[in-house]
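Remarks on the overall topology
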Amino acid sequence: MRTTVLTLATAGAVTATLLTAPAAPAARAATSPAWRASMQHESLRHGSRLLTVGKTTWAFGGRGYRDGRATAFRREGTTWRQVALPSQARGEVVAADAGSAGDVWAATLGTKNGQPVAMRFDGRRWKTVQTLGNTIVTAVTVVGPRDVWVFGTDGPTDRRPVAWHGTPRGWKKTTMPFVVWSADLRSGRDLWAVGWRSGGGPVAGRFDGKRWRSVPDPRGSLPAALRDPAKAQLVYGRLFAARGTLWLAVNASIWSEQRTDAYLLRFDGKRWRSERLPKRVAWHENGSFVPDGKGGLWMFASTGDYRSFLFRRTASGSWSSSPVKGTGLQYVELADLAPAPGGGLLGSAGWETRTTATGGVLSYR
C-alpha cells in the first residue's frame, strides 16, 4: 500500500466540479479550511471508497446503483471523470489498493447476478483478473508488482475465513486463521492484518513470507474493563502503517453504559499503546488515516446521530476536531478519507440538501 503525505493549506480554494456537482458559491476569502463539494454522483452515496496514488485519486461506489454495476471515478488535477469498469464488476467496489498509478487493484462485492471479481488498472484501462467465487471480500492489499492479497469469507453462511493470493505463479486460495478486516505493510513485505476469529473476538496477525503468525495482542493496551467480553465488545477497524508505526482504530461498546468509545492504538515495533478519542464518537468501519506531513494524522469518526467529525492528532499527541459540514450541505456522513494531490483532503460522503439526498466527494482545504 502506498502512503501519501498530506500538506494542508489554510487558504480557501474553489474546486473544479464535474458530474452534476452543485454550483460552487462565489469565491471569497477564507480564514480557515472548509468542506466543499468536489464531485457528485448518486452511486457514491452509500459507503464509497477513496484511494490516492501519486497525482491521481480514485472514488469507487455502486451500492444499490441502477443495474447493480460498480462505478469508478478518476480525479486528475481538479477534474473528475467516470472510468469504465469490466462488465463483470457487479455490486459495489468494497476494497482497493495500489502499488503505483499503473498498478491499481479493486474488488467487488458481487450480486445475485454476478460473482465478485478482482480487477486491475494498468494505467490505461481496468481488466478483470480473477473471479472470486462465493467470497465476500473484506480487504485488498498490494504487496508489490504482481503480488496482491484479497481477503474475505466464504459465503454469508459458512463464514470460513479465506484469502486469495495473486503472484506471478497465478492465484491461490487458502484458508486463513482469522477473518481479515484490514491489512497493511509495516515495511517492505512485512504484512500485518487485523480482524476477528470465527465465533471469537478480535485478533491480529503477521505474514512472514510463508505463513500467518500471531503478534502482540493490541487489546493488552486497553483498560482492563474493556478486555473482558462480559463487560465490553471490541471491534477492530482500519489498520494503517506509516514510517514503521502501526495505527489501529478500535470501537469499544460498553454493555452496562450502552455507549461506544473510540480508541486509537499505536504499535512502535515493541508494544501497543492506546488513547481514547476526546469526543463521544465511533469509528466508521472503513475510515482511513491520512498523514498530515508533520508526523501526525488526520482521521474521522461519527456520533450516534450520524454526524461526522474530522480529527487531527499531532506528532506530540495533542488532539483537535471539527464537525464536517459545508455550505448548503446537511447531515454529512463521511465514509472514507484520502489526501488530495497538491494539498488538502478528500472525503467520500453521503449528504442531504434542501431538495435531495445524494453523495459524492468533498474537498477540504
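To keep things clear, this report deals only with the structure shown in the data block. (Residues numbered from 1 in each chain as written. Predicted model: local features only at pLDDT ≥ 70, side-chain atom pairs only at ≥ 80, totals over all residues. Heavy atoms only, no water.)

**What to know about the sheet that holds strand 21 (residues 272–276)**
Which entries qualify depends on this criterion: When DSSP finds two or more bridges between a pair of strands, those strands are recorded as paired. Only DSSP runs of H or I with at least four residues qualify as helices, and only runs of E with at least two residues qualify as strands; both kinds are numbered from the N terminus onward. Simply put, an axis is a line fit to the C-alpha atoms, just over the touching stretch for a helix, and the angle between two N-to-C directions goes from 0 to 180 degrees.
If you trace the four strands from one edge of the open sheet to the other, you get 18-19-20-21, paired in antiparallel fashion. Of all strands in the sheet, those with a lone pairing partner are strand 18 (232–242) and strand 21, marking the two edges. Between one strand and the next, the sheet's axes are offset by a mean angle of 25°, whatever the strand orientation. Relative to strand 19 (residues 245–254), strand 18 runs antiparallel, the two sharing nine bridges. Bridging across to strand 19, Phe240 finds its partner in Trp247.

**Remarks on the pattern of salt bridges**
Oppositely charged side chains may form a pair once their charged atoms are brought near each other. To keep things clear, this is the line we draw: For salt bridges, the criterion is a side-chain nitrogen of Lys or Arg within 4 Å of an Asp or Glu carboxyl oxygen.
Under the defined criterion, the tally for this structure stands at 16 salt bridges. One salt bridge connects Arg120 with Asp103, and the closest N-O pair in it is separated by 2.8 Å. Here the residue Arg120 occupies a position in strand 8 (residues 117–121), and Asp103 occupies one in strand 7 (residues 103–108), the gap between them amounting to 17 residues. The shortest N-O distance in the salt bridge between Arg312 and Asp292 comes to 2.9 Å. Linking Arg312 in strand 25 (residues 308–313) with Asp292 in the loop between strand 23 (290–291) and strand 24 (297–302), this pair joins segments that are 20 residues apart in sequence.

**So, the nonpolar core**
Counted only if it meets this: Take the buried Ala, Val, Leu, Ile, Met, Phe, Trp, Tyr and Cys residues and link them wherever side-chain atoms come within 4.5 Å; each set so joined is a nonpolar core. Only protein chains enter the area calculation, which uses a 1.4 Å probe; residues under 20% of their type maximum are buried, those over 50% are exposed, and those in between are partly exposed. The criterion used for residue contact is that any of the two residues' heavy atoms lie within 4.5 Å.
Counting 20 residues, the largest nonpolar core has Leu248 and Val250 as its most contacted members. Elements with a minimum of two residues in this core: strand 15 (190–196), strand 18, strand 19 and strand 20 (259–267). If we skip the residues at most four places from it in the chain, Leu248 touches Val194, Pro218, Tyr236, Gly237, Arg238, Leu239, Tyr263, Leu264, Leu265, Trp272 and Phe289. Of all hydrophobic cores here, the second largest spans 18 residues; its members include Leu51, Ala96, Ala106 and Val117.

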